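Listed below are the residues making up each chain.
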Amino acid sequence: MWSAPRLREPVRVPALVDGAVLLRFRFVVCAAIRETVAMDDGVVRIGILGCGNVGGALVRLIDDNADLISRRSGLRLVVTKVAVRDLSRDRNLTFAPGVLTNDVASVVQSDEVDLVVELIGGIEPARSLILDALKLAKPVVTGNKELLANGGAEIYEAAAIAGVDVLFEASVAGGIPLMRPLRESLAGERILRVMGIVNGTTNFILTQMTEHGSSFADALAEAQNLGFAERDPTADVEGYDAAAKAAIIASVAFGARVVAGDVYREGISGVSASDIAAARELGYVIKLLAVAEERDGAVTVRVHPTMVPNAHPLAAVRGSFNAVFIEGESVGDLMLYGRGAGGDPTAIAVLGDVIDAATNLHRGSRGATLGTLVHKPIRPIDEVQSQFYLTVDVEDRPGVLAAIASAFGTHGVSIQSMHQQGEGDEAHLIFVTHLAPEAALAATIHEVRELDTVKRIGSVLRVIGSGT
Ligand code: HSE
């Protein structure tokens, strides 16, 4: 049985030490104290910041699965403090007296908390609370993609100095194990590229458009009615959510400092029903992909709608599911698939991290570390090579195709295929190129747009295929 933590002796620190030494000394002392406390009968006391969908599911799972967790880890997790904004809200959970509080900082500081779970999201106060917990040598589990995508390096470094874990499996692709495979299973692998469907809302919308011929607006309205999409869907449909996740993936996969602002981003609001139909005719489906790759020492990170060949495993990911496709030098291709959001799937990811961090705390060790994230050059999007699909509305007369093809040739963009749809006033040409730098494609488009016989450049989409 768990017993009250032993009283701590006051820690006496020599007066004349500089700040950094003092800070480190404090970490070491706190770590030693925490370790002693957590060793008591294998009990690890959890403080949770935020008790919404995920926090509530976490509290329930810790309770419902207590025996299973104890059998597998030898630990008993006890939720001793939970910080909420509104104490009066009915959460359908029963807490012992003194567990619930609306003083979030007191949970971090509490002597009854060994490990902190941050589920309040956003940058502040989450950042300060996490840093405070790490200074007290308390391991932290978080699902905060916004914070990690913008200030992850600071958090990882603080954890390294404190010598405790900061784990964040839930920050990308909800219930899909991804951070741990990248950090641990693939710790010895040279990862070449990670491509993910990491936003369920946009995948649901694109699936509705593909399978039911819906317009973007109708599919979005349906996603909102079903609760997949927010009333303001900007973060999802314009790719901001996926870009934050892409930054975290790139940081972990390549050990590089990548922030959301480094990610080239395009959303799906410009994808039309006719793009979807044309993609189908060519043997592709359109997916919003987050792509992170490292080539020749430089990292590329981008999010954009992409034509994915029907035969590629990512093409089969339907509805609100997520999937991440990893290409490694030695392991080859891997794919991880599952629920990228939702209370229970995300809480399971958080709980896995909690058990991992609690086990390490109990043993006085820590898990696989990210180490120091290094500065690697981020390749500008202009220099990134892709295959492209583009549609051009044209006047339907002799010589038009030759003039357009000449513009492609001038800028060194090689055409893989071309076909015409419609006739007369309805004529448009659909091109798929070979690999070409974005800058060359942009220059080609600029020149084609100037031709008298060209009425309009329609959609431009990147294509993944063989060799890309
Ligand atoms: N809104 C996200 C999605 C889940 O649609 O996948 C949270 O990141």
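Only a predicted model underlies this, so the values are computations on that prediction, with no experimental measurement involved.

(A) A look at the packing of helix α6 (residues 145-162) against helix α11 (residues 240-254). One can describe the packing of α6 onto α11 by two numbers: an axis separation of 9 Å at closest approach and a directional angle of 55 degrees. With respect to their mutual orientation, α6 and α11 come out oblique. Judged by the sense of rotation from one axis to the other, the crossing of α6 with α11 is left-handed. Taken together, the residues of α11 that come into contact with α6 (itself represented by Lys145, Leu148 and Ala149) are Asp241, Ala244, Lys245, Ala247 and Ile248.

(B) View of the domain arrangement of the protein chain. Along its sequence, the protein chain is organised into domain 1 (19-174 + 344-363), domain 2 (186-338) and domain 3 (381-463). On a C-alpha basis, the centres of domain 1 and domain 2 stand 30 Å from each other. Contact residues are listed per partner, giving ten residues for domain 1 and 13 residues for domain 2. Of the roughly 930 Å² buried between domain 1 and domain 2, counting both surfaces, carbon and sulfur atoms make up 72%. Three residues stand out in domain 1 for area buried against domain 2, namely Lys145, Ala149 and Val172, and they jointly supply 50% of the buried area on that side. Where domain 1 meets domain 2, there are two salt bridges. Residue Asp241 is joined to Lys145 by a salt bridge in which the shortest nitrogen-to-oxygen separation is 3.0 Å. Where domain 1 touches domain 2, the interface holds three residue pairs in polar contact (both at pLDDT 80 or more). Along the lines of polarity and charge, the residues of the side of domain 1 that touches domain 2 split into six nonpolar, two polar and two charged.

(C) Just the nonpolar core, in detail. Counting 84 residues, the largest nonpolar core has Leu134, Met179, Leu182 and Ile205 as the members making the most contacts within it. Broken down by element, the residue count for this core peaks at eleven residues, all from α11. Residues Val59, Leu61, Val84 and Ala170 belong to the second largest nonpolar core, which totals 31 residues.

(D) Expanded view of the confidence of the model for the protein chain. Here the protein chain shows a mean pLDDT of 90. Residues at 70 or above account for 91%. Scored below 50 in pLDDT, residues 1-39 shows 54 contacts in the model against residues more than four places distant or in partner chains.

Rules used in this analysis
- Residues numbered from 1 in each chain as written.
- Predicted model: local features only at pLDDT ≥ 70, side-chain atom pairs only at ≥ 80, totals over all residues.
- Heavy atoms only, no water.
- Axes fitted to C-alpha atoms, helices over the stretch in contact; angles between N-to-C directions.
- Helix = DSSP H or I, 4+ residues; strand = E, 2+ residues; numbered from the N terminus.
- Parallel < 35°, antiparallel > 145°, perpendicular 65-115°, else oblique.
- Left-handed = near helix turned anticlockwise from the far one by under 90°.
- Contact = heavy atoms within 4.5 Å.
- Domains from an automatic or database assignment.
- Buried area = accessible area lost by both parts, 1.4 Å probe.
- Salt bridge = Lys/Arg side-chain N within 4 Å of Asp/Glu carboxyl O.
- Polar contact = N/O pair within 3.5 Å; in protein donor to acceptor, adjacent residues only side chain to side chain.
- Nonpolar A, V, L, I, M, F, W, Y, C, P; charged D, E, K, R; others polar.
- Core = buried A, V, L, I, M, F, W, Y, C linked by side-chain atoms within 4.5 Å.
- Buried < 20%, exposed > 50% of the residue type's maximum accessible area, 1.4 Å probe, protein only.
- pLDDT = per-residue confidence, 0-100.

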